[in-house]
Amino acid sequence: MHKAQGVLQGRVRKPSAGPSRTAAAASPKQARPLTDFERRLYQACCCIMPGRVTTYAVLARILGSCPRAVGQGMKRNPYAPTVPCHRVIASDFSLGGYHGGWGTESPEVVRKERMLISEGVEIANHKVDHSAEMSETMLQLMYSRSVSSGQFGNSENFKDAAASFQQSLVPSSDEPSL
């Protein structure tokens, strides 16, 4: 296709525009049914306890997928922060992206950092302290348990099921802390 044809069809971007990492975050997420992968991903994400993090790669291994697919699914998460995608970080313990934003100066990633700090996660120089990592074994166990319990099953309201499950992870004041 000739460049002029592309301009007429709205396909050629101005050279100064550059790629936009926040365009997806600026527009509202489209209401559509969740794919099977997204349902499993968000269910696994709900198993990450407050004050803990995991990586895109760990979730990918648990789901038999790849980190990039996990990141794309997280970017499309219509239930954030109920489905806590802010608890998923890059393998080098940097914050990664959030809601389509990328980079430490992105307003979305700044929000992600604040949310993690409010949950007690220690962050220095935009990197999460390794002590906040939830073990892959524990996450796999909790995910397996959530699948076998059927709590998310065919729930028509995934957000309510996610909120209920997340609430079950928060210890009550009468429970002894570990």
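Per-chain numbering applies: the sequence of each chain, read as written, is numbered from 1 onward. Owing to the predicted nature of the model, reporting of local features is limited to residues with pLDDT of at least 70; listing and counting of side-chain atom pairs is limited to 80 or more, with chain, interface and lining totals taken over all residues. Here the side-chain values reflect all heavy atoms present in the structure, with hydrogen atoms and water set aside.

K.L.:
Would you take a moment to explain the nonpolar core for this structure?
P.N.:
Note that soluble globular proteins tend to have their nonpolar side chains buried in a common cluster. One finds Met 74 and Val 128 to be the most contacted residues of the largest nonpolar core, which totals 43 residues. Sorting the residues of this core by element identifies α3 (36–46), α4 (56–63), α5 (67–75), β2 (88–89), α6 (107–118), α7 (136–149) and α8 (158–169) as the ones contributing at least two each. Apart from residues no more than four positions distant in its own chain, Met 74 is found in contact with Leu 41, Cys 45, Tyr 56, Leu 59, Cys 85 and Val 88. Joining through side-chain atoms within 4.5 Å is the link that ties buried Ala, Val, Leu, Ile, Met, Phe, Trp, Tyr and Cys residues into a set, and such a set is a nonpolar core. Relative accessibility decides the category of a residue: with a 1.4 Å probe and only protein chains considered, values under 20% of the type maximum give buried, values over 50% give exposed, and everything between is partly exposed. Each helix is a run of DSSP H or I of at least 4 residues and each strand a run of E of at least 2, with the numbering of both proceeding from the N terminus. We call two residues contacting when some pair of their heavy atoms lies within 4.5 Å.

K.L.:
How should I be thinking about the pattern of salt bridges in this particular structure?
P.N.:
A side chain of one charge can pair with a side chain of the opposite charge if their charged atoms are brought near each other. Here a salt bridge means any side-chain nitrogen of Lys or Arg lying within 4 Å of a carboxyl oxygen belonging to Asp or Glu. One pass over the full model with this rule turns up six salt bridges. The salt bridge involving Glu 136 is made with Arg 61; its shortest N-O contact spans 2.8 Å. Of the two residues, Glu 136 sits in helix α7 while Arg 61 sits in helix α4, which places them 75 residues apart along the sequence. We classify Glu 136 as partly exposed; its relative accessible area is 31%. Owing to a relative accessible area of 52%, Arg 61 belongs among the exposed residues under this scheme. Through salt bridges that share partners, Arg 32, Glu 38 and Arg 76 make up one connected network.

K.L.:
When you look at the side chain of Ser 94 in this model, what are you seeing that I'm missing?
P.N.:
Tracing the backbone through its elements, the reader meets Ser 94 in the loop between β2 and α6. In this structure the side chain of Ser 94 is engaged in a polar contact, spanning 2.6 Å, whose partner is the side chain of Asp 92. Pairs of N or O atoms within 3.5 Å make up the polar contacts considered here, provided that, within protein, one atom can donate a hydrogen while the other can accept it, and that residues adjacent in sequence are counted only when both atoms are side-chain atoms.

K.L.:
Explain α4 here, please?
P.N.:
The periodicity of an α-helix, 3.6 residues per turn, causes residues three or four positions apart to be oriented the same way. With respect to burial, α4 is a largely interior element, seven of its eight residues being buried. Taken together, the buried positions of α4 are Tyr 56, Ala 57, Val 58, Leu 59, Ala 60, Ile 62 and Leu 63. Where α4 is buried, its residues meet α3, β1 (54–55), α5, β2, α6 and α7. Gly 64 sits one or two positions beyond α4 and adopts a positive phi of about 65 degrees.

K.L.:
Can you walk me through the packing of aromatic side chains in this structure?
P.N.:
Paired rings are identified among Phe, Tyr and Trp, the last through its six-membered ring, by centres lying within 6.5 Å, and are further divided according to the angle between planes into stacked (under 30 degrees), edge-to-face (over 60) and tilted (the rest). Scanning all chains against the criterion turns up three aromatic pairs. The interplanar angle of 65 degrees and the centroid separation of 6.4 Å between the aromatic rings of Tyr 42 and Phe 158 together place this pair among those described as edge-to-face. Separated by 116 residues along the polypeptide, Tyr 42 in helix α3 and Phe 158 in helix α8 bring together distant segments of the chain. Relative accessible area serves as the criterion here: at 0%, Tyr 42 is assigned to the buried category. Ring centres of Tyr 79 and Phe 158 lie 5.6 Å apart, and the angle between their planes is 25 degrees; this geometry places the pair in the stacked category. Taken together, the residues span a long stretch of sequence, with Tyr 79 in the loop between α5 and β2 and Phe 158 in helix α8 at a distance of 79 residues.

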